[in-house]
Amino acid sequence: MSIKIQVLNNILEINESYAAQNRETFEANHCFSVNMMSSPGSGKTTLLEKTLERLDPSEVAIIEGDMQTTKDAERLERFGCQIVQISTGNACHLDGKMIHDAVEDLDLSGVRLLVIENVGNLVCPAEFRVGEHAKVVILSVTEGEDKPLKYPLMFREAAVCILSKIDLLPHLDFSLEEARRNALQINPQLEFFSISCRTGEGLDEWTDWLRKRMKG
Ligand SMILES: Nc1nc2c(ncn2[C@@H]2O[C@H](COP(=O)(O)OP(=O)(O)O)[C@@H](O)[C@H]2O)c(=O)[nH]1
Ligand SMILES: [Mg+2]
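Residues numbered from 1 in each chain as written. Chains lettered and ligands numbered in written order. Predicted model: local features only at pLDDT ≥ 70, side-chain atom pairs only at ≥ 80, totals over all residues. Heavy atoms only, no water.

Caption draft 1: Quick peek at the side chain of Ser194. Take Ser194: it is sitting in strand 7 (residues 191–195). Among the polar contacts listed, one links the side chain of Ser194 to the side chain of Arg180, at a separation of 3.1 Å. Those residues in contact with Ser194 that sit more than four places away from it in its chain are Leu163, Ile166, Leu176, Arg180, Glu201 and Gly202. (Helix = DSSP H or I, 4+ residues; strand = E, 2+ residues; numbered from the N terminus. Polar contact = N/O pair within 3.5 Å; in protein donor to acceptor, adjacent residues only side chain to side chain. Contact = heavy atoms within 4.5 Å.)

Caption draft 2: A look at the site of ligand 1. In the vicinity of ligand 1 lie 16 residues, with Gly41, Lys44, Thr46, Asp167 and Cys197 positioned nearest. In this structure, an oxygen atom belonging to ligand 1 sits 3.0 Å away from a main-chain N or O atom of Gly43. One of the side-chain nitrogen or oxygen atoms of Glu117 is found 3.2 Å away from an oxygen atom of ligand 1. The protein chains hide 72% of the 590 Å² of surface that ligand 1 would expose on its own. The element that contributes the greatest number of residues to the shell around ligand 1 is helix 2 (residues 44–54), accounting for three residues. Of the residues that constitute the shell around ligand 1, the class distribution is three nonpolar, seven polar and six charged. (Near = heavy atom within 4 Å. Areas by Shrake-Rupley, 256 points an atom, 1.4 Å probe, with all protein chains shown as cover. Nonpolar A, V, L, I, M, F, W, Y, C, P; charged D, E, K, R; others polar.)

Caption draft 3: View of the coordination of the magnesium ion (ligand 2). Surrounding the magnesium ion (ligand 2) are the protein donor atoms Thr45 (OG1), Asp72 (OD) and Glu117 (OE), at 2.1 to 2.2 Å. Taken in sequence order, the residues that donate to the magnesium ion (ligand 2) follow the motif T-x26-D-x44-E. Taken together, the positions of Thr45 in helix 2 and Asp72 in helix 3 (residues 71–76) put the pair 27 residues apart, joining distant regions of the chain. (Donors = N, O, S within 2.8 Å, 3.2 Å for Na, K, Ca; no water.)

Caption draft 4: Inspection of unusual backbone geometry at higher detail. Positive phi, close to 55 degrees, is recorded for His30, a residue that is not glycine. Of note, His30 is situated in the loop between helix 1 (2–28) and strand 1 (32–38). The phi angle at Lys165 is positive, at roughly 65 degrees, despite the residue not being glycine.

Caption draft 5: Seen up close, a nonpolar patch on the surface. A cluster of nonpolar side chains, contributed by Ile3, Val7, Leu8, Ile11 and Leu12, occupies part of the molecular surface with about 450 Å² of accessible area. For Ile3, the position within the fold is in helix 1. (Patch = residues over 30% accessible without salt bridge, like charges linked within 9 Å, V, L, I, M, F, W, Y side chains within 5 Å. Salt bridge = Lys/Arg side-chain N within 4 Å of Asp/Glu carboxyl O.)

Caption draft 6: Just the state of the cysteines, in detail. A full pass over the atoms with the stated rule returns zero disulfides. Cys161 takes part in no disulfide bond, and the closest cysteine sulfur to it belongs to Cys197, at a distance of 14 Å. Its relative accessible area of 1% is what places Cys161 among the buried residues. (Disulfide = S-S within 2.5 Å. Buried < 20%, exposed > 50% of the residue type's maximum accessible area, 1.4 Å probe, protein only.)

What follows is the structure in structure tokens.
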């Protein structure tokens, strides 16, 4: 048992060292970095598409983490921004080294925003810092208000919680207020955006938040 714990500690220590190096690289390039995490299908790639419609794609780079396919990267190709795909195979999260290696394939000069789309999963991605400035968790209204309580680490680590697909609210019993209350119980500092990528509601507020952090 103690040997297992030692191994895990070493893995996390090595990860922290890569995360610190990554952060230095982001800082040196004046590049704000966000790590987007959620369950599969809560709308990460769709939100990225809508975000890229509103920002200058030449100032944005994307790292796409996916276990098997390159489908998300293909969806974003039309914007012309730099994209690196990480295929994690069986791994359920991105770690510091994967981001370190991906960043080597990017030219960050002139890039003001790096968005990392993590593997869809509300558990493991929260355990591995990758050097990002902010973790953003997306919770779609079809997932239930209780998820912040069931997956507390994810919501504790996040700086921002996006409540997505709010156009579906009329068809559901989901309470935005209860979801917010549950998330704040885990992390009182969380900032919220309620967004529909279908109607566009909330997208301006979200992209304004990003713009303020993209250094000149
Ligand atoms: N109604 C509705 N559907 C959405 C919204 N955002 C994403 N979707 C749909 O949800 C599904 C999963 O979206 P995707 O962006 O691939 O999720 P990801 O797996 O988190 O990257 C797709 O069918 C999207 O069209 C939204 O705001 N409203
Ligand atoms: Mg996706």
